[in-house]
Amino acid sequence: MKNVFVYCEITEEGHIADVSLELCSKGRKLADELNVDIEAVVIGTKLKGIQEELSPFGVDKVYIAEDKRLFPYTTLPHAAIFSKLLEEQQADVVLVGATSIGRDLAPRVASTLRCGLTADCTSLEIGDHYVKKTDTTYKNLLYQIRPAFGGNIVATIINPDMHPQMATVREGVMKKEPVRRKKLAELINIDVKKYVSDSDFVVNIIERHIEAQKVNIKGAQIIVAGGYGVGSKKNFNLLYQLADAIGGEVGATRAAVDAGYEEHERQIGQTGVTVRPKLYIACGISGAVQHRAGMDQSAQIISINTDLEAPITNIADYNINGRLEDVLPKMLKYFKQNSK
Amino acid sequence: MSFRIIVLAKQVPDTRNVGKDAMKSDGTVNRAALPAIFNPEDLNALEFALRVKDSRDDAEVIILTMGPPRAAEIIRESLYRGADKGYLITDRKFAGSDTLATSYAISLAVKKLAPFNLIISGRQAIDGDTAQVGPQAAEKIGIPQITYAEEFLGFNGDKIKVKRRLERGVELVESACPVLLTVHSSAADCRVRNAKRMMKYKHAKTDIELQELSEDYMELLETRPYLKINQWSVDDLGADVSFLGLSGSPTKVKKIESVVFTQKESKSLSDSDRDINGLMKTLINSHVLG
Ligand SMILES: Cc1cc2nc3c(=O)[nH]c(=O)nc-3n(C[C@H](O)[C@H](O)[C@H](O)COP(=O)(O)OP(=O)(O)OC[C@H]3O[C@@H](n4cnc5c(N)ncnc54)[C@H](O)[C@@H]3O)c2cc1C
Ligand SMILES: Nc1ncnc2c1ncn2[C@@H]1O[C@H](COP(=O)(O)O)[C@@H](O)[C@H]1O
């Protein structure tokens, strides 16, 4: 059947996680290119309305495994259901979010299926692969593209022989794009008892404290980001004032987070979130490769830096040579006076 | 019967200091060109194991690593910090193994060390950042897993209690043993080397290392058997070679590119009112702002 499968994560609020919807969008495109279907797998409890949530993203089929013991997530029951289903359906491409849950689940499942798994892909494409030694061409493989070695190289990984081809992708890397289609995804309820045994419930959750996501810089159209050059927590107020006025969110580099100027949730880059706003204003940011990995797809980049040699200047559309303490108030003032 | 804890630790190239010759033409890592260090989260894993050991009087901590002969360094390092024994899995036939093949070899070694009660690994290694070997080894050994362990909270009868660190919170979980834990970087830092243990173990060697040493060493070893670091090959593990190395690894590297950022066409501006106001005007007129 060779279809594309997406593991859909359920949030605390009982909805499909953004990262899963992003993967459904990407999966839809891959499936179109491969001329196959895309199927979503949802495992949890109280899953009413899930079919409606997923259909706008072009999913053809939704498998639902519902049992009160399946939420919150624990490894073995989810892994048992997901791997058996993938095997039965002979899935060819499997996408999982690179979240706490996805990175716990995917390797376990890949080990059961004895297939390859590439973590944290930043891009997925379809392509062929030619092996000279045996003069064979593998058609329509999944190119799993990811940074490696602390972001110093970009590797394209393939799994020629042992399928399915599995990949995890971080939240925000792919775009969430509804398709124009009225059709509701076909719904298939799984008989949970056939897939899991009581012994799969050996790990007990005694207590949980999970916070809902507070800030959402990933979805912001405008980001005013600050680096170590901002100099203090207090100086970040300059960024907030501008961001509030122009309708943006505030982001930060790891150096700024490590220095305690900002909270980790706002960190952008390889070990933070990936963003692609229409405008990115980088204030006091040198532009290390790990930071650029999370923002270089922004439509326009303005850099404010005292150092005109900083690496960020290579990717910025506008380089303002100056101190952010002087520049940001000027930008704010002009905007307040001139916007309608 | 002792309570056996096996810690999985890896020697990794220090990816914070990567040079041009770090990758070989076949797409694998040229480890010789990089300084080798104890994978940071594996030190957290070792500390976790030592804390479990400290909490009871029947526990032993065994360190298990797979890598080239010089990976024996991290076994010695672990002995200095409190581990009781070490095993090095080394064989040319392992070269090129991806996480699936690695976890297969590790699972065989772990099974050879049965009976065991806890397997503790780091969450991820900084060379690949995959975080896959822990869960894959757990699956191959056939035991449950608890990922992202942050704190050891004690035992409840036979069950171990652990605090997990998740993206947006924490979870307290409990599991029967044996179970595999992967330890998060937010867990306690590893204790430092103990001077007495350094004296005791600085001559600990693997067979390969012994080949280069004098007869006197052999005598030393006879009187102090604890100085021998055990070494296992593919044959010792009874491994099926088709599951190992490049042939046993489903993932292949098709292409490697170093990251070079091409210069964009960009405008340089000063911090004068004129330049800033001009920029803001452009942004407002093109509806990027406002
Ligand atoms: C494995 C790994 C993962 C990482 N992941 C990330 C990640 O996800 N995100 C991330 O951001 N980093 C990450 N890093 C860290 C990264 O390598 C850099 O250290 C970090 O991005 C640097 O942050 P910065 O630009 O704020 O600081 P710096 O490099 O210190 O740059 C400060 C800049 O501010 C300028 N400046 C100083 N004063 C002023 C002023 N008054 N006005 C204007 N400009 C001024 C300076 O000229 C300089 O260019 C990672 C590193 C590693 C090893
Ligand atoms: N070659 C190895 N030898 C011993 N342990 C390993 C090896 N490779 C990985 N591990 C363990 O698995 C964890 C995750 O590794 P990785 O999947 O490579 O990110 C590491 O932190 C180690 O504890």
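Thresholds, definitions, all that
- Every chain is numbered independently, its residues counted from 1 as its sequence is written.
- Chain letters and ligand numbers both follow the written order, the letters beginning at A and the numbers at 1.
- In keeping with the model being predicted, local features are shown solely for residues with a pLDDT of at least 70 and side-chain atom pairs are shown and tallied solely at 80 or more, while totals for entire chains, interfaces and linings include all residues.
- Side-chain measures were taken over the full set of non-hydrogen atoms in the model, leaving aside hydrogen atoms and water.
- We treat two strands as partners when DSSP finds at least two bridges between them.
- Runs of E in the DSSP output that reach at least two residues are strands. Runs of H or I that reach at least four are helices, and both are numbered from the N terminus.
- Lines fitted to C-alpha atoms define the axes, with helix axes restricted to the stretch in contact, and inter-axis angles between N-to-C directions lie between 0 and 180 degrees.
- Here a residue-residue contact requires only that any non-hydrogen atoms of the pair lie within 4.5 Å.
- Given a helix with a known number of residues, its expected span is that number minus one, times 1.5 Å.
- For each residue, the accessible area found with a 1.4 Å probe, counting protein chains only, is set against the maximum for its type, and the residue is called buried under 20%, exposed over 50%, and partly exposed in between.
- Here the bounds of each domain stem from an automatic or database domain assignment.
- When two parts are put together, the accessible area they lose, computed with a 1.4 Å probe and summed over both, is reported as buried area.
- A cutoff of 4 Å decides nearness: a residue is near a molecule or strand if any of its heavy atoms lies inside that distance of it.
- What qualifies as a polar contact is a pair of N or O atoms within 3.5 Å, subject to a donor-acceptor requirement within protein and to the restriction that residues adjacent in sequence count only when both atoms come from side chains.
- Per-residue accessibility takes into account occlusion by the displayed protein chains alone, with areas from the Shrake-Rupley method and a 1.4 Å probe.
- When a carboxyl oxygen of Asp or Glu is within 4 Å of a side-chain nitrogen of Lys or Arg, the pair counts as a salt bridge.
- Only Asp, Glu, Lys and Arg are considered charged in this grouping, and only Ala, Val, Leu, Ile, Met, Phe, Trp, Tyr, Cys and Pro are considered nonpolar; every other residue, Gly among them, is considered polar.
- The patch calculation keeps residues exceeding 30% relative accessible area without a salt bridge and links them within 9 Å when they carry like charges or within 5 Å when they are nonpolar (Val, Leu, Ile, Met, Phe, Trp, Tyr).
- Under the convention used here, Asp and Glu are negative, Lys and Arg are positive, and both His and the chain ends fall outside the count.
- We put the charge of a Lys on NZ, of an Arg on CZ, of an Asp on CG and of a Glu on CD.
- Roughly parallel means an angle under 35 degrees; roughly antiparallel means over 145; roughly perpendicular covers 65 to 115; every other angle is labelled oblique.
- For any pair of crossing helices, the crossing counts as left-handed if the nearer helix is rotated counterclockwise from the farther one by less than a right angle, and right-handed if it is rotated clockwise.

(A) The arrangement of the sheet that holds strand β5 (residues 117–121) of chain A in detail. Residues and elements named next belong to chain A. Read across the sheet, seven strands follow the order β5-β9-β4-β1-β2-β3-β10 without closing on themselves; strand pairing throughout is parallel. The open sheet has two free edges, formed respectively by β5 and β10 (186–189), since each of these has just one partner strand. Strand-to-strand twist across the sheet, computed as the mean angle between neighbouring axes with direction ignored, equals 20 degrees. Bridge count for strand β2 (residues 38–44) against strand β3 (residues 61–66) is six bridges, and the pairing is parallel. Following the sheet pairing, V41 is matched in β3 by Y63. Here helix α1 (residues 18–34) sits on the sheet and contacts β1 (4–8), β2, β4 (93–97) and β9 (165–169); the angle it forms with β1, its principal contact strand, is near 175 degrees. This element, helix α3 (residues 75–89), spans β1, β2, β3 and β4 of the sheet and lies at about 155 degrees to β2.

(B) Highlighting helix α3 (residues 99–112) of chain B. Residue and element names in this part refer to chain B. Counted at 1.5 Å a residue, the expected span for α3 with its 14 residues is 20 Å, and the 20 Å between its end C-alpha atoms agrees. Buried residues dominate α3, accounting for 12 of its 14 residues. Among all positions in α3, only T99, L100, A101, T102, S103, Y104, A105, I106, S107, L108, A109 and V110 are buried.

(C) Looking closely at the domain arrangement of chain A. Residue and element names in this part refer to chain A. Domain assignment breaks chain A into domain 1 (4–201) and domain 2 (217–338). For domain 1 and domain 2, the distance between their C-alpha centroids amounts to 33 Å. Contacts between the two partners involve 10 residues from domain 1, matched on the other side by seven residues from domain 2. With both chains or domains summed, domain 1 and domain 2 bury close to 780 Å², and 41% of this area falls on carbon and sulfur atoms.

(D) Representation of the site of ligand 2 in the model. All names here are of chain B. Taken together, 20 residues surround ligand 2, and among them L8, D42, A125, T130 and Q132 come closest. At a separation of 3.5 Å, a nitrogen atom of ligand 2 approaches a polar backbone atom of A9. Here an oxygen atom of ligand 2 and a backbone polar atom of V133 are 2.9 Å apart. If ligand 2 stood free it would expose 480 Å²; the protein chains cover 97% of that surface. Of all elements in the fold, only β4 (59–66), α3, β6 (118–122) and α4 (133–141) reach the threshold of two or more residues within the shell around ligand 2.

(E) Quick peek at the interface of chain B and chain A. Listed as interface residues are 76 residues of chain B and, on the opposing side, 77 residues of chain A. Here chain B meets chain A over a buried area of about 6,700 Å², counting both sides, of which 57% is carbon and sulfur. Between D273 of chain B and K330 of chain A there is a salt bridge, and its shortest N-O distance comes to 3.1 Å. When contributions to the side of chain B that touches chain A are tallied by element, the ones reaching two or more residues are α4, β7 (145–156), β8 (159–166), β9 (169–175), β12 (252–258), β13 (267–270) and α9 (273–285) of chain B. The leading source of residues in the side of chain B that touches chain A is α9 of chain B, at nine residues. Taken together, the residues that form the side of chain B that touches chain A break down as 33 nonpolar, 22 polar and 21 charged. Alignment of strand β11 (residues 204–210) of chain A against β9 of chain B, held across six bridges, turns out to be antiparallel. Directly across from E207 of chain A, in β9 of chain B, lies its bridge partner L172 of chain B.

(F) Seen up close, the environment of I89 of chain B. Residues and elements named next belong to chain B. Within the secondary structure layout, I89 lies in strand β5 (residues 85–89). By relative accessible area, I89 is classed as buried at 0%. For the pair I89 and S121, spaced 32 residues apart in sequence, the C-alpha separation works out to 16 Å. Sequence-distant contacts of I89, that is, excluding residues within four places in its chain, are made with L64, T65, M66, G67, F94, A105, I106, A109, W232 and L237.

(G) Fine view of a negative patch on the surface. Taken together, the side chains of E215, D216, E219 and E222 of chain B define an acidic patch exposed on the protein surface. Position of E222 of chain B among the secondary structure elements: in helix α7 (residues 215–223).

(H) The arrangement of the sheet that holds strand β10 (residues 179–183) of chain B in detail. Read across the sheet, 10 strands follow the order β11(A)-β9(B)-β8(B)-β7(B)-β10(B)-β6(B)-β1(B)-β4(B)-β5(B)-β11(B) without closing on themselves; strand pairing throughout is mixed. One side of each edge strand has no neighbouring strand; the edge strands of this open sheet are β11 of chain A together with β11 (230–232) of chain B. Recorded for the sheet is a direction-independent mean angle of 25 degrees between the axes of neighbouring strands. One ladder, built from five bridges, connects β7 of chain B with β8 of chain B; its direction is antiparallel. Within β8 of chain B, the residue paired with A149 of chain B across the bridge is R164 of chain B. Contacts from α4 of chain B reach β6, β7 and β10 of chain B, with the element oriented near 175 degrees to β10 of chain B.

(I) Geometry of the packing of α3 of chain A against helix α4 (residues 102–113) of chain A. Residue and element names in this part refer to chain A. The interhelical angle for the contact between α3 and α4, taken along N-to-C directions, is 45 degrees, at an axis separation of 9 Å. Between α3 and α4, the angle is such that the two are oblique. Where α3 crosses over α4, the handedness of that crossing is right-handed. Between α3, through T75, L76, H78, A79, F82, S83, L86 and E87, and α4, the contact on the second element is made entirely by D104, L105, R108, V109, T112 and L113. Class assignment of the residues belonging to the contact of α3 with α4 gives a composition of seven nonpolar, four polar and three charged.

(J) Quick look at the pairing of β1 of chain A. All names here are of chain A. For β1, the tally of buried residues reaches five of five residues, placing the bulk of the element in the interior. A two-sided burial pattern is seen for β1, the buried positions comprising V4, V6 and C8 on one face and F5 and Y7 on the other. When β1 meets β2, the two strands line up parallel, connected through five bridges. Its bridge partner lying in β2, F5 is registered against E39.

(K) Molecular detail of the side chain of T251 of chain B. Inspection of the secondary structure puts T251 of chain B in the loop between α8 (234–237) and β12. T251 of chain B sits in the buried class, given a relative accessible area of 17%. Side chain to side chain, T251 of chain B and D98 of chain B meet in a polar contact 2.6 Å long. Among residues more than four places away in sequence, those in contact with T251 of chain B are G116, L117, T118, I157, I158 and N159 of chain A together with D98 of chain B.

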